[in-house]
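# Commentary on secondary and tertiary structure
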Amino acid sequence: MYLLYTIISALLCFLTLKWMKRRRYCMDVKRLDGKTVLITGGNSGIGKETAVALALRGARVIIACRDEERARKAVKEIKARSHSLNVLHMEVDLANMRSIREFCKTFLQKEKRLDILINNAGMPSVLDWTDDNFSMCFGVNHLGHFLLTNLLLLRLKESSPSRVINLTCSSYKYQKLDFKDLNYNLFPFFTYCRSKLANIYFTQELARMMEGKGVTAYAVHPGYVQSSWTCHYSFLYRILAQVVMFMFFISCEAGAQTVVYCAVSDEVLPHSGGYFADCRPAPLRAFARDSGVAKKLWEASERLVKLA
């Protein structure tokens, strides 16, 4: 009898975890032939799965990352899985503003189109500083992509209709921005939350500024994903995190579905500036819909990256 109870309990736990991890899949089979897609951090995790999905649809896919060796391996894998030879990589370090500017200059010289920009790369909850003395989370997750997007904005407009997809996280709800200390770098998780909230405000203001200009923008929460973000932590933490991720987190392929949905589906077009999760629009907390804060963050970001 004890064995039977144990088996039933284990089965119930398994089914409960499966139910918690269920996700919608993007069923839109729209082709992207002739389109150019740029994915930051496309060498691993959600970015790589997104690259495979869009290359399968015929897009020219460029993955941008800082580790050339890992990028080459990723390109080889993406080509093999997508049966597409139109995949390449370019080097950029989002923690270095000079690197971003050089990358954009090279991209604009080489590429005549940019139809879909996916700002996927990101730093987890770490206390560190970028080469330009910004907190690592805010500097990479927000400012790096803010500068990159702005420097490529003309090409996006020339390739209209085009899309910008910013990956964020539902953890945005645990913090608010402090404009007296945008470079907040005290408690790792709060630093991360603020950077993800900044992604949402950035998306909203970008959508507002590009209204009627052929560029739409979407913020995507991919879910909590089993990816390589734990590499920034100690060995003991990684072991513990792997157990938790195995039990509760979804696969990178499942996490990429909402990104792919926002990249290809026409259903998202009326929702420019919106927040998406599980392949559908999702509600935001009231403070995350404040257009005044979004505009203020845009202006502050322009000054910080020296665009103003």
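Structure shown above.
Please read these numbers as outputs of a predicted model, since none were measured by experiment.

## Some points on the environment of Arg57
- With respect to the helices and strands, Arg57 occurs in the loop between helix H2 (45-56) and strand S2 (60-65).
- Relative accessible area serves as the criterion here: at 13%, Arg57 is assigned to the buried category.
- Residues Arg57 and Ser84, spaced 27 residues apart in sequence, show a C-alpha to C-alpha distance of 9.3 Å.
- At a separation of 2.7 Å, a polar atom in the side chain of Arg57 contacts the main-chain carbonyl oxygen of Asp28.

## Brief notes about the packing of H2 against helix H10 (residues 257-264)
- The geometry of H2 relative to H10 is characterised by a closest axis approach of 9 Å and an angle of 45° between their N-to-C directions. Taken together, the axis directions place H2 and H10 in an arrangement best described as oblique. Crossing handedness for the pair H2 and H10: right-handed. Facing Ile46, Thr50, Ala53 and Leu54 of H2, the residues of H10 in contact are Val259, Val260, Ala263 and Val264.
- For the contact of H2 with H10, the class distribution of residues is seven nonpolar, one polar and no charged.

## Notes on the nonpolar core
- Leu38, Ile100, Phe103, Phe107 and Leu206 are the most contacted members of the largest nonpolar core, which totals 51 residues.
- Listed by contribution, the elements that provide at least two residues to this core are S2, helix H4 (97-110), helix H5 (136-151), helix H6 (153-158), helix H7 (188-209), strand S6 (215-221) and helix H11 (291-304).
- Other than its neighbours up to four places away in sequence, Leu206 contacts Thr149, Leu153, Val164, Ala217 and Trp298.
- Counting residues in hydrophobic clusters, the runner-up holds 37 residues, among them Cys26, Ala53, Ala59 and Cys279.

## Re the sheet that holds strand S4 (residues 116-119)
- Strand order in this open sheet of eight strands is S3-S2-S1-S4-S5-S6-S7-S8, and the pairing throughout is mixed. The open sheet has two edge strands, strand S3 (87-91) and strand S8 (280-281), and neither has a second partner.
- Note that strand S5 (residues 162-167) and S6 share six bridges and pair parallel. Pairing of Asn166 across the sheet is with Ala219, part of S6.
- Strands S4, S5, S6, strand S7 (275-277) and S8 of the sheet are contacted by H10, whose axis makes an angle of about 160° with S5.

Reading guide: rules and limits
Residues numbered from 1 in each chain as written. Predicted model: local features only at pLDDT ≥ 70, side-chain atom pairs only at ≥ 80, totals over all residues. Heavy atoms only, no water. Helix = DSSP H or I, 4+ residues; strand = E, 2+ residues; numbered from the N terminus. Buried < 20%, exposed > 50% of the residue type's maximum accessible area, 1.4 Å probe, protein only. Polar contact = N/O pair within 3.5 Å; in protein donor to acceptor, adjacent residues only side chain to side chain. Axes fitted to C-alpha atoms, helices over the stretch in contact; angles between N-to-C directions. Parallel < 35°, antiparallel > 145°, perpendicular 65-115°, else oblique. Left-handed = near helix turned anticlockwise from the far one by under 90°. Contact = heavy atoms within 4.5 Å. Nonpolar A, V, L, I, M, F, W, Y, C, P; charged D, E, K, R; others polar. Core = buried A, V, L, I, M, F, W, Y, C linked by side-chain atoms within 4.5 Å. Pairing = 2+ DSSP bridges.

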